[in-house]
Structure formats: structure tokens, C-alpha cells
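# A closer look at the structure
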Amino acid sequence: MTPRVMIVEDEEPLSLMLRYNLEAEGYQVDTVERGDDAETRLRENVPDLLLLDWMLPGVSGIELCRRLRTREQTRALPIIMLTARGEEQERIRGLATGADDYVVKPFSVPELMARVRAILRRSRPELIASVLRAGEIELDRETHRVRRRGRELHLGPTEFRLLEFFMQAPGRVFSRAQLLDGVWGRDVYVDERTVDVHVGRLRKALGPGRDPIRTVRGSGYSLDEAFTGVA
Ligand code: CA
């Protein structure tokens, strides 16, 4: 089963970026730009998690959040509010209104993804795999252990996140810029060559045997589909 996330956000570039990253992690994503449209949509279809912007045309995020909490079908719907910097008071009000969590814009994508996972793991544990497998490699997100053919590997924190990112979407080719966004986050300034350095370290840490990371010339990297047995 695929966890479904609805994004309610009127800034299109942000909405697209969130959609891209959520889809890369295997979520099914629905996007809505207006608060009132979101309310209508949520009467027909309740997702597993809602990413809700604060300032929206139609009905504001906070008002929508309040209304959702009064309805039976959405009373327990996990909601993460997206707020602008300097809305400290509003954030407190947001939590009081019933949001489960909030992030302040501009936020780090990996951090938001971690929060999405953490909330879903609590609310819908059956939807979030704590152990990812690709061929003979096993990655446990909770214990942060990686094994290959049962033997434990020692990965640095960046290599771990990089491998996790690849294993969420086997076969998908990621550009260096996409890997930077998804693994390091947008706010961190690192050169694209840093990606090559860490992919090199990851390959080394994965040890002898077939290389599961495929270099796609002119494009980037992916987890080899042949390695995972995915057609
Ligand atoms: Ca907005």
C-alpha cells in the first residue's frame, strides 16, 4: 500500500518541489492550491497525511485545520502546517488548532520528509516500511543499520541517507542537484562534486561484490534495477 499525501499550497514552485520529493520516496501525492478546494476534496477523499500551508486563498490553513478537526472523518488526520518565518504566534495557534506538527519556511526537505515519515509511522505504521531491501542489501531506518548478505556495514551518516534515498526509488535516476536537495537539503550549500565524493564513499562502504549504484552519464546516479531484481 502506498501512503497518500495531500499538499495544500498556493506557491506552485514549492508545491512542485514537495510533490517531486514525496513521489521520490514512494508516496502518492495530490496537490491543491486553495483552502476551499482542499476542503471539498477532503470530503470525498481523505489522505493519510496533509501538508497544509498557513496562508491560502479561499480558506486559510488554520481555519481549514480547525474545520477538519470538527469532522469525524478528518478528526485524526495527521496534519503538518507549513508556516512562514516570524509567525511564531500563529504557529502556537496552529498547534492549538490541532496540527500535529509544523515546519517553518524555508525548511529543509530531508527534515520535512523525516517528519512525514515519523508521523506516518505513528499513525499508519503498516504503511511505512522500517526496513528497506534491495537485493542482498538491507537498510533499517530505525536502528540505522545496513547489512549486505547479513554482514553489517559501516556507513557515515551522509552515506546512510544517500543509500536510503536510492533505496526508496530503485531504478530512478537522480541528478546531482536532486540528490543534494533530497539528501543534504536546499539550505545547505554544497558543491555538486560533493555528491560524487559521497557516492564514492558509499560504494566503498558497500564492500566487494556487484556495485548496486549505477552512474548514468550526463544525468546522475541510480540504484541499479537489475541489482534489486525489479524489472
Ligand atoms: Ca501560501
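Notes on the structure in this doc start here. (Residues numbered from 1 in each chain as written. Predicted model: local features only at pLDDT ≥ 70, side-chain atom pairs only at ≥ 80, totals over all residues. Heavy atoms only, no water.)

## Concerning helix α6 (residues 157–168)
- In this model, α6 (12 residues) spans 17 Å end to end at C-alpha, consistent with the 16 Å of a helix rising 1.5 Å per residue.
- For α6, the buried fraction is high: 10 of the 12 residues fall into the buried class.
- Inspection of α6 places T158, E159, F160, L162, L163, E164, F165, F166, M167 and Q168 among the buried residues, and these make up the whole buried set. (Helix = DSSP H or I, 4+ residues; strand = E, 2+ residues; numbered from the N terminus. Expected span 1.5 Å × (residues − 1). Buried < 20%, exposed > 50% of the residue type's maximum accessible area, 1.4 Å probe, protein only.)

## Remarks on the coordination of the calcium ion
- Coordination of the calcium ion by the protein involves D10 (OD), D53 (OD) and M55 (O), with metal-donor separations of 2.1 to 2.3 Å.
- For the calcium ion, the donor residues sit on a single chain with the sequence spacing D-x42-D-x1-M. Of this pair, D10 sits in the loop between β1 (4–8) and α1 (12–24) while M55 is found in the loop between β3 (49–53) and α3 (61–70), placing the two residues 45 residues apart along the sequence.
- Residue M55 is classed as exposed on the basis of its relative accessible area, which comes to 53%. (Donors = N, O, S within 2.8 Å, 3.2 Å for Na, K, Ca; no water.)

## Thoughts on the sheet that holds strand β6 (residues 131–134)
- Read from one edge of the open sheet, 4 strands run β6-β7-β8-β9, paired in antiparallel fashion. Edge positions in the open sheet fall to β6 and β9 (151–153), since each of these has one partner strand only. Recorded for the sheet is a direction-independent mean angle of 25° between the axes of neighbouring strands.
- Examined bridge by bridge, strand β8 (residues 145–148) and β9 share 3 bridges and lie antiparallel to one another. Paired with R148 across the two strands is R151, which belongs to β9.
- Contacts between α6 and the sheet are confined to β6, β7 (137–140) and β8, with β7 contributing the most and set at about 110° to the helix. (Pairing = 2+ DSSP bridges. Axes fitted to C-alpha atoms, helices over the stretch in contact; angles between N-to-C directions. Contact = heavy atoms within 4.5 Å.)

## Brief notes about the packing of helix α2 (residues 35–44) against α3
- Two numbers describe how α2 lies on α3: the axes approach to 10 Å, and their chain directions differ by 20°. Classified by the interaxial angle, the pair formed by α2 and α3 is roughly parallel. Both α2 and α3 take part in a crossing whose hand is right-handed. Only L64, R67 and L68 of α3 make contact with α2, whose side of the interface consists of G35, A38, E39 and L42.
- The residue inventory of the contact of α2 with α3, partitioned by class, reads 4 nonpolar, 1 polar and 2 charged. (Parallel < 35°, antiparallel > 145°, perpendicular 65-115°, else oblique. Left-handed = near helix turned anticlockwise from the far one by under 90°. Nonpolar A, V, L, I, M, F, W, Y, C, P; charged D, E, K, R; others polar.)

## Things to note about the pairing of β6
- The two faces of β6 differ: L132 and A134 on one face are buried, but V131 and R133 on the other face are not.
- As paired strands, β6 and β7 are joined by 4 bridges and run antiparallel to one another. Opposite L132, over in β7, you have L139 as the bridge partner.
- Counted between consecutive antiparallel strands, the loop separating β6 from β7 contains 2 residues, among which G135 sits at a positive phi close to 55°.

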